[in-house]
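# Residue-level structure breakdown
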Amino acid sequence: MVDRKLVEMKIGVLALQGDFREHLNILTALGAEARAVKLPTQLDGLDGLIIPGGESTVIGKLMVEYGLLTPLRACIASGMPIWGTCAGMILLARTTDNALAGQPLLATMHIHVARNAFGAQRESFAVPLTVPALVDPATPFPAIFIRGPAVLSADPTVEVLARLEDGTIVAVREGPLLGTAFHPEIAGDSRFHRYFLDVVRATVLDTVSTGFIVAPHG
Ligand code: GLN
């Protein structure tokens, strides 16, 4: 049995553009070792990664410039837990309704998204969202949407974590991959980050107990 407390989690936050600092602060406050990732070598040894909100076209372009696209795809293929928020979810989605021509994407999660589905920056809004998977599910999560994407459809392999009142899907999970259309890092509520850390912890413990990838000690 591995003691849960002994598993120290190292979480990267892709720091090419967007609001990565807020994620780093929350992760640190929750006791994880948080690392800003700009270079492929900074992915080494991570247990999980957050791709923040920002502008998916810019983040994708910088991923290519910094040589991160192939290493990130390898991380996904290895089963690393990755959480994309807003622009990050667009980058993770397998298909995007209105991606720019040639926009670099990780194109992995079995969801179909539409960019800017809720209008422009000045049409940003906050809604209390019911998310049964979070701790204290009776308390709605304050979800802040800033030019966010909507999930138009999801394959059966995808668990829908939250919908707006009109049924629009805004939070999803597919195994170790997590996607949210809104910005939990500015919500003043760390329950989504705690949820992601639980996914990471479960993945690390699974890896340790099944003996995969674990470097021998001593
Ligand atoms: N509309 C942006 C995009 O297409 C995402 C906005 C956000 O991350 N807040 O990438």
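Model, not experiment: these values are computed from the prediction. Note that residues are indexed from 1 along each chain, following the sequence as it is written. Only residues with pLDDT of at least 70 get local features here, since the model is predicted, and only at 80 or more are side-chain atom pairs given and counted; chain-wide, interface and lining totals rely on the full set of residues. As a rule here, side-chain values cover all heavy atoms of the structure and leave hydrogens and water aside.

## Observations regarding helix H2 (residues 56-65)
To keep things clear, this is the line we draw: Partly exposed describes any residue whose relative accessible area lies between the buried limit of under 20% and the exposed limit of over 50%, with all areas from a 1.4 Å probe on protein chains only and scaled to the type maximum. Put simply, DSSP H or I for four residues or longer makes a helix, DSSP E for two residues or longer makes a strand, and each gets a number counted from the N terminus. Contacts are residue-level and defined by heavy atoms, with any inter-residue pair within 4.5 Å sufficient.
Among the residues of H2, Ser-56, Thr-57, Ile-59, Gly-60, Leu-62 and Met-63 are the ones counted as buried. On its buried face, H2 sits against strand E1 (10-14), strand E3 (48-51), helix H3 (69-77) and helix H4 (87-92). Where H2 terminates, the next one or two residues include Gly-67, which has phi positive at roughly 70 degrees.

## Observations concerning the site of the ligand
How we decide: Think of it this way: one heavy atom of a residue within 4 Å of a molecule or strand is enough to make that residue near it. Pairs of N or O atoms within 3.5 Å make up the polar contacts considered here, provided that, within protein, one atom can donate a hydrogen while the other can accept it, and that residues adjacent in sequence are counted only when both atoms are side-chain atoms. Computed with a 1.4 Å probe, the accessible areas rest on the Shrake-Rupley method; for each residue, only the protein chains presented here act as cover. Gly is placed with the polar residues, together with every amino acid not listed as nonpolar (Ala, Val, Leu, Ile, Met, Phe, Trp, Tyr, Cys and Pro) or charged (Asp, Glu, Lys and Arg).
All residues in the neighbourhood of the ligand are listed as Gly-53, Gly-54, Glu-55, Ser-56, Cys-86, Ala-87, Ile-90, Arg-115, Asn-116, Ile-146, Arg-147 and His-183. Separating an oxygen atom of the ligand from a backbone N or O atom of Ser-56 is a distance of 2.5 Å. Contact distances for the ligand include 2.8 Å between a nitrogen atom and a side-chain N or O atom of His-183. The fraction of the free accessible surface of the ligand (290 Å²) that becomes covered by protein chains is 98%. Here the shell around the ligand is built from residues that sort into four nonpolar, five polar and three charged.

## Side note on the packing of aromatic side chains
Note the threshold: A pair of Phe, Tyr and Trp rings is counted when the ring centres sit within 6.5 Å of each other, with Trp represented by its six-membered ring. The angle between the planes then sorts it: under 30 degrees is stacked, over 60 is edge-to-face, the rest tilted.
Applying the stated criterion to the full structure yields 10 aromatic pairs. Taking the centre distance of 5.6 Å and the plane angle of 45 degrees together, the rings of Trp-83 and Phe-196 count as tilted. Placement of the pair is Trp-83 in strand E4 (residues 82-85) and Phe-196 in helix H5 (residues 191-210), with a sequence separation of 113 residues. For Trp-83, a relative accessible area of 0% corresponds to the buried category. The structure contains a cluster of three or more aromatic residues connected by ring pairs, namely Trp-83, Phe-118, Phe-125, Phe-141, Phe-145, Phe-182, Phe-192, Tyr-195 and Phe-196.

Take it as geometry only, folks, not as evidence of what the structure does.
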